[in-house]
Amino acid sequence: MPVTKLDSTAALIVIDLQKGIVAMPTVHPAKAIVGRAAQLARVFRERGLPVVLVHVTGAAPGRTDVGRPKTAFADDWAEIVPELGKQPGDHLVSKQRWGAFIGTSLDGYLRQRGVTQVFLTGVATSIGVESTARSAYDHGYNVVLVVDAMTDRDADSHRHSVEKIFPRLGETDTTDNVLRLLESA
């Protein structure tokens with residue numbers, strides 16, 4: 001369902017578009033996903049709306065069946081990709097969980113700015129994006145998921161999130177439609 005309304009204070013949240021994650025194989029070309037997120041970030045900035053760049057810098061404590069990664073990450077693994085054109089006014093969130101809300105200052109940052117609507121992009125659709133969308137919904141934000149500005153490592157997981165989960169958490173739309181909405185506001 002396309003976005004029905006642009007709230008007066010909306011924010012863009014870009015999930016895990018960082019060097020180490022963007023380098024991994026994904027269902028949709030990472031270059032295209034980064035390009036769309038960069039377009040959105042540029043227009044949000046031009047409109048004076050908050051841009052939040054999220055990167056994962058560690059893992060949550062606790063045991064899982066999969067265990068911990070046994071590989072060492074490159075020194076620049078967690079750096080936000082330069083194509084996003086990080087600006088001094090952007091808010092950087094470093095997370096150690098799947099979602100960007102738990103264990104971070106994200107909710108406080110958004111509330112201080114009067115944000116009522118969040119637009120989400122990034123990687124991975126079924127993990128970081130979905131977890132953040134669930135928390136945003138639970139926190140009472142109007143959630144917009146820009147589905148052509150996100151991807152996953154698994155096609156079925158991506159499709160399940162987009163088709164089954166996201167319509168229950170918010171509105172889904174495309175980059176072009178969101179850009180038109182922002183430019184007409």
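Residues numbered from 1 in each chain as written. Predicted model: local features only at pLDDT ≥ 70, side-chain atom pairs only at ≥ 80, totals over all residues. Heavy atoms only, no water.

J.: Outline the overall build of the protein, listing residues and values.
T.: Along the backbone of the protein there are 6 helices and 6 strands. Ordered by position from N to C terminus, the α and β elements of the protein give β-α-α-β-β-α-β-α-β-α-β-α. Taken along its principal axes, the extent of the C-alpha atoms in the protein is 50 × 35 × 30 Å. Burial statistics for the protein: of 185 residues in total, 47% are counted as buried. Counting contacts in the protein only where the partners sit at least 6 residues apart, residues at least 24 apart contribute 82% of the total. Surface accessibility of the protein: about 9,400 Å² in total, with carbon and sulfur atoms responsible for 52%. (Helix = DSSP H or I, 4+ residues; strand = E, 2+ residues; numbered from the N terminus. Buried < 20%, exposed > 50% of the residue type's maximum accessible area, 1.4 Å probe, protein only. Contact = heavy atoms within 4.5 Å. Areas by Shrake-Rupley, 256 points an atom, 1.4 Å probe, with all protein chains shown as cover.)

J.: How would you explain the pattern of salt bridges if you had to name every residue and give the values?
T.: Scanning the model with the defined rule gives 10 salt bridges in all. Put simply, E79 and K19 hold a salt bridge, and the shortest N to O gap is 2.9 Å. Of this pair, E79 sits in the loop between strand 2 (51-56) and strand 3 (91-95) while K19 is found in helix 1 (residues 19-22), placing the two residues 60 residues apart along the sequence. Taking the relative accessible area as the measure of exposure, E79 reaches 39% and is therefore partly exposed. K19 sits in the partly exposed class, given a relative accessible area of 31%. Salt-bridge contacts for D156 lead to R159; the nearest nitrogen and oxygen are separated by 2.5 Å. Here R159 and D156 lie together in helix 5 (residues 155-169), a separation of 3 residues that amounts to about one turn. D156 gets classed as exposed once you look at its relative accessible area, which sits at 51%. For R159, a relative accessible area of 39% puts it in the partly exposed group. (Salt bridge = Lys/Arg side-chain N within 4 Å of Asp/Glu carboxyl O.)

J.: Help me get a handle on the packing of helix 4 (residues 125-138) against helix 5, residues and values and all.
T.: Viewed as axis vectors pointing N to C, helix 4 and helix 5 meet at an angle of 5°, and their least axial separation amounts to 10 Å. One way to sum up the angle between helix 4 and helix 5 is to call them roughly parallel. Every residue of helix 5 that contacts helix 4 at T125, S126, V129, E130, A133, R134 and Y137 is listed here: S157, H158, S161, V162, I165, F166, R168 and L169. (Axes fitted to C-alpha atoms, helices over the stretch in contact; angles between N-to-C directions. Parallel < 35°, antiparallel > 145°, perpendicular 65-115°, else oblique.)

J.: Tell me about the sheet that holds strand 1 (residues 10-15), and name the residues and values.
T.: The strand order across the open sheet formed by 6 strands is 3-2-1-4-5-6, and the pairing between neighbours is parallel. Across the chains shown, the open sheet's two edge strands, defined by having one partner strand only, are strand 3 and strand 6 (171-173). Shown here is a sheet whose adjacent strand axes are inclined to one another by a mean of 25°, direction ignored. Strand direction decides the pairing type here: strand 5 (residues 142-151) and strand 6, joined by 3 bridges, are parallel. What sits directly across from L145, in strand 6, is T172. Seen against the sheet, helix 6 (residues 175-184) touches strand 4 (117-123), strand 5 and strand 6 and runs at an angle of roughly 135° to strand 5. (Pairing = 2+ DSSP bridges.)

J.: So, the side chain of T172: which residues are in play, and what are the values?
T.: Structurally, T172 is set in strand 6. Its relative accessible area of 15% is what places T172 among the buried residues.

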